[in-house]
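Here is how the chains run, residue by residue.
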Amino acid sequence: GPPGALSIMIALPLVIYGLFFFCTGQYCISPSNISQVLQHLPSSLDEVFSLKALLVVVVWMLFLIVLERLLPGKIVDGMALRDKTKLQYKLNGHLTFWVSLVVVALLQYCGIISLSYCYKNYVQLATAAMLVSYLLSAGLYAASFRPQAMLALGGNTGNHVYDFYIGRELNPRIFNFDLKEFCELR
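Here is a short report on the structure shown in this document. Keep in mind that this is a model prediction, so the values were computed, not measured.

**Observations regarding the packing of aromatic side chains**
At step 1: For the structure shown, the criterion picks out 7 aromatic pairs.
At step 2: Over the aromatic face of Tyr89 sits the side chain of Arg173, whose NZ or CZ is 5.1 Å from the ring centroid.

**Topic: the pairing of strand β2 (residues 86–91)**
At step 1: As paired strands, strand β1 (residues 74–80) and β2 are joined by 5 bridges and run antiparallel to one another. Bridge assignment links Lys74 to a residue of β2, and that residue is Leu91.
At step 2: Hairpin connection, β1 to β2: the antiparallel pair is bridged by 5 residues, and Lys84 has positive phi, about 75°.

**Remarks on unusual backbone geometry**
At step 1: Notably, Lys84 is not glycine yet its phi reads approximately 75°, a positive angle.
At step 2: As for its position among the elements, Lys84 is in the loop between β1 and β2.
At step 3: According to the relative accessible area criterion, Lys84 is exposed, its value standing at 70%.
At step 4: Positive phi outside glycine occurs at Phe175, with the angle close to 60°.
At step 5: Mapped onto the elements, Phe175 comes out in the loop between β3 (173–174) and β4 (177–178).

**With respect to the packing of helix α1 (residues 2–22) against helix α5 (residues 122–143)**
At step 1: Where α1 meets α5, the axes come as close as 11 Å, and the angle between the chain directions of the two elements is 170°. Taken together, α1 and α5 sit at an angle that is classed as roughly antiparallel. Two secondary-structure elements touch here, α1 through Met9, Pro13, Ile16, Tyr17, Phe20 and Phe21 and α5 through Tyr122, Val123, Ala126, Thr127, Met130 and Tyr134.
At step 2: Residues of the contact of α1 with α5, tallied by class, amount to 11 nonpolar, 1 polar and no charged.

So, how was this worked out
- Residues numbered from 1 in each chain as written.
- Predicted model: local features only at pLDDT ≥ 70, side-chain atom pairs only at ≥ 80, totals over all residues.
- Heavy atoms only, no water.
- Phe/Tyr/Trp six-rings, centres within 6.5 Å; stacked < 30°, edge-to-face > 60°.
- Lys NZ or Arg CZ within 6 Å of the ring centre and 35° of its normal.
- Pairing = 2+ DSSP bridges.
- Helix = DSSP H or I, 4+ residues; strand = E, 2+ residues; numbered from the N terminus.
- Buried < 20%, exposed > 50% of the residue type's maximum accessible area, 1.4 Å probe, protein only.
- Axes fitted to C-alpha atoms, helices over the stretch in contact; angles between N-to-C directions.
- Parallel < 35°, antiparallel > 145°, perpendicular 65-115°, else oblique.
- Contact = heavy atoms within 4.5 Å.
- Nonpolar A, V, L, I, M, F, W, Y, C, P; charged D, E, K, R; others polar.

Structure below.
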């Protein structure tokens, strides 16, 4: 319910940051050293966010969208909706995985990218991914109030926190690009 949804939205980012900052090779939080926690908090915003990491996350998402659009895949009908229509979905996630793996390996091999960037900038990338996720979620939640939006039965409870978490609109789409399907199943 709503308390669980709010807890997940708050706790998951805290767990990611907590594991990174409070359980390292030099320090791991325990009852005996809990007084040292403040010493291990980030001292500047640069330690948790960078515009480059945000650009990497956005470019990666755009790359996956391009692959989803361009790669072949079986077209299947979704479940019948309340208005008796069926949306169509392209199933090419497996091929997208392999193509993205090969492209990343080739870019690494050619020296265009360095995968060590992901390791060295883990927290910045995680922060950027969270920021993109929250902004996309807020945009989709706001868009769900359009008069023509078909609302999800489970995501239209009237509780804003729960509806935000579950997703208020049943199949948010930009033309035939289903955002919920893309974000949840890729």
